[in-house]
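Chain and residue survey
If you want the building blocks of each chain, they are given just below.
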Amino acid sequence: APNSNLMTAVVDWLGRQWSYTHPAATRIGACSDWRNQGVPCFDLAMIVRGLGDAAPIVGEVACARVAARIVGWLDRMVGADGRLNPWLVLDSVGFPDRWSTRRGPYQIKTSAALLGAPNGWVPNRILRAAEETIHAWSARVTEQLEWHARLYAMEGLARVRPDQRVKIGFDYALGYLPERVGSSGGRSRADIQAQALRL
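Okay, so let's go over this structure. Within every chain, residues take consecutive numbers counted from 1 along the sequence as written. In view of the model being predicted, local features appear only for residues whose pLDDT reaches at least 70, and side-chain atom pairs are presented and counted only at 80 or more, with totals across whole chains, interfaces and linings using the full set of residues. Remark: hydrogens and water are excluded; side-chain values derive from all non-hydrogen atoms of the structure.

1. Topic: the overall build of the chain
When helices and strands are tallied, the chain shows seven helices and two strands. By the criteria applied, helices consist of DSSP H or I runs no shorter than four residues and strands consist of E runs no shorter than two, each listed in order from the N terminus. Seen in sequence order, the chain has helices and strands lined up from the N terminus as α-β-α-α-β-α-α-α-α. Its C-alpha atoms give the chain principal-axis dimensions of roughly 50 × 45 × 35 Å. Residues classed as buried in the chain amount to 42% of the 199 residues present. Exposed residues in this analysis have more than 50% of their type's maximum accessible area, buried residues have under 20%, and partly exposed residues fall in between, with area computed by a 1.4 Å probe over protein chains only.

See below:
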């Protein structure tokens with residue numbers, strides 16, 4: 001059950017974390033983690049979504065105030081083509097090239113979270129970028145060859161375009177979804193199985 005004291009403390013903490021001119025680290029206690037070399041659009045969208053969920057308990061004004069700080073960073077992730085960039089890279093030295101640092105169908109979940117924010121929280125420029133991002137990737141979900149990323153895309157579609165279903169294709173002989181689509185092996189990851197169950 002929601003605990004208003006804990007939720008208020010979390011919202012206050014987020015407000016402090018994102019009140020500076022430099023973005024907060026999204027991997028606390030892991031200074032050397034490459035993810036702290038930039039600001040991930042996905043993480044910020046999840047924070048905005050969480051603030052929206054907390055607003056009825058903590059209060060709309062308090063949550064909207066913190067969301068406004070997050071949105072300021074999201075605005076810098078709107079690309080020249082009007083679509084969302086997955087990262088605002090602050091230090092490119094050693095920053096990896098991988099599915100989560102490139103544009104891709106997984107961004108549909110990011111975009112859906114932003115489109116579901118309370119009215120007035122996210123500026124139209126970002127909402128348009130989210131819509132453009134969904135439009136660009138909605139027919140290309142199967143290009144995402146990692147199950148973790150593909151399920152992100154499918155979760156986003158389930159929220160904004162439920163008629164565009166993509167089959168999971170669970171392999172009952174294997175007993176779980178491997179890390180890569182079409183693979184007959186690989187680690188069984190709890191996050192991937194949980195994503196499939198949630199979807």
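2. Looking at helix 1 (residues 4-17)
Expected span of a helix, by definition, is 1.5 Å for each gap between consecutive residues, and there is one gap fewer than residues. Compared with an ideal rise of 1.5 Å per residue, which puts 14 residues at 20 Å, helix 1 spans 20 Å between its outermost C-alpha atoms and is within 8% of the ideal. For helix 1, every residue scored as buried is listed here: Val 11, Leu 14 and Gly 15. Buried residues of helix 1, seen end-on, are gathered within an arc of 105° and therefore sit on one face of the element. Helix 1 presents Asn 5 and Leu 6 as exposed residues on the side facing more than 90 degrees away from its buried surface. What the arc covers is the set of directions going from the helix axis to the C-beta atoms.

3. Brief notes about the packing of aromatic side chains
Here is the rule: rings of Phe, Tyr and Trp (six-membered ring for Trp) pair when centre to centre is within 6.5 Å. Planes less than 30 degrees apart are stacked, more than 60 are edge-to-face, and the remainder are tilted. A full pass over the atoms with the stated rule returns six aromatic pairs. For the pair Trp 87 and Phe 95, a centre-to-centre distance of 5.3 Å together with 75° between the ring planes defines the contact as edge-to-face. Note on accessibility: Trp 87 and Phe 95 belong to one class, buried. Aromatic side chains Trp 99 and Tyr 152 sit 6.4 Å apart centroid to centroid with 55° between the ring planes, which places their arrangement in the tilted category. Here the residue Trp 99 occupies a position in the loop between strand 2 (87-89) and helix 4 (107-115), and Tyr 152 occupies one in helix 6 (residues 147-160), the gap between them amounting to 53 residues. Look at Trp 99 and you get buried, because its relative accessible area is 13%. Of the residues examined, Tyr 152 reaches a relative accessible area of 13% and is grouped as buried. Members of the aromatic cluster, joined through ring pairs, are Phe 42, Trp 99, Tyr 106 and Tyr 152. Placement of a charge over a ring requires the Lys NZ or Arg CZ to be within 6 Å of the ring centre, with the centre-to-atom vector within 35 degrees of the ring normal. Positioned above the aromatic ring of Trp 147, the side-chain terminus of Arg 150 is 5.3 Å from the ring centre.

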